[in-house]
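Architecture and fold: a report
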Amino acid sequence: MKASEIKELTLEDIQAKLKEEKEAYDKLRINHKMAQIENPVQLRYMRKNIARLNTELTRKLAENK
């Protein structure tokens, strides 16, 4: 998900997407520890996407105060 797409989301959508991404990342990380996954670079992309969502969430929460 691109940063421009994330900026268009509402606060509730960001929170829901962040929860989904964290769950998917945890599952993928566990699978990677148990057996080699097809694309281990995917973990890095997921981490960066979670960071983008957290950044935008923090920005929107600051705007609402």
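Our structure's up above, just so we're on the same page.
This section reports on the structure supplied with the text.

Rules of the game
- Residues numbered from 1 in each chain as written.
- Predicted model: local features only at pLDDT ≥ 70, side-chain atom pairs only at ≥ 80, totals over all residues.
- Heavy atoms only, no water.
- Patch = residues over 30% accessible without salt bridge, like charges linked within 9 Å, V, L, I, M, F, W, Y side chains within 5 Å.
- Areas by Shrake-Rupley, 256 points an atom, 1.4 Å probe, with all protein chains shown as cover.
- Salt bridge = Lys/Arg side-chain N within 4 Å of Asp/Glu carboxyl O.
- Lys, Arg positive; Asp, Glu negative; His and termini not counted.
- Charge placed at Lys NZ, Arg CZ, Asp CG, Glu CD.
- Helix = DSSP H or I, 4+ residues; strand = E, 2+ residues; numbered from the N terminus.
- Buried < 20%, exposed > 50% of the residue type's maximum accessible area, 1.4 Å probe, protein only.

1. Notes on a positive patch on the surface
Taken together, the side chains of Arg 44, Arg 47, Lys 48 and Arg 52 present a region of like positive charge at the surface. Mapped onto the fold, Arg 52 is located in helix 3 (residues 41-64). Owing to a relative accessible area of 37%, Arg 52 belongs among the partly exposed residues under this scheme.

2. A word on the pattern of salt bridges
With the rule as written, the count across this model stands at four salt bridges. Of the charged contacts in the structure, one is a salt bridge between Glu 21 and Lys 17, with a shortest N-O distance of 3.6 Å. With Glu 21 and Lys 17 both in helix 2 (residues 11-34), this residue pair falls four residues apart, about one helical turn. On the accessibility criterion, Glu 21 (14% relative accessible area) is buried.

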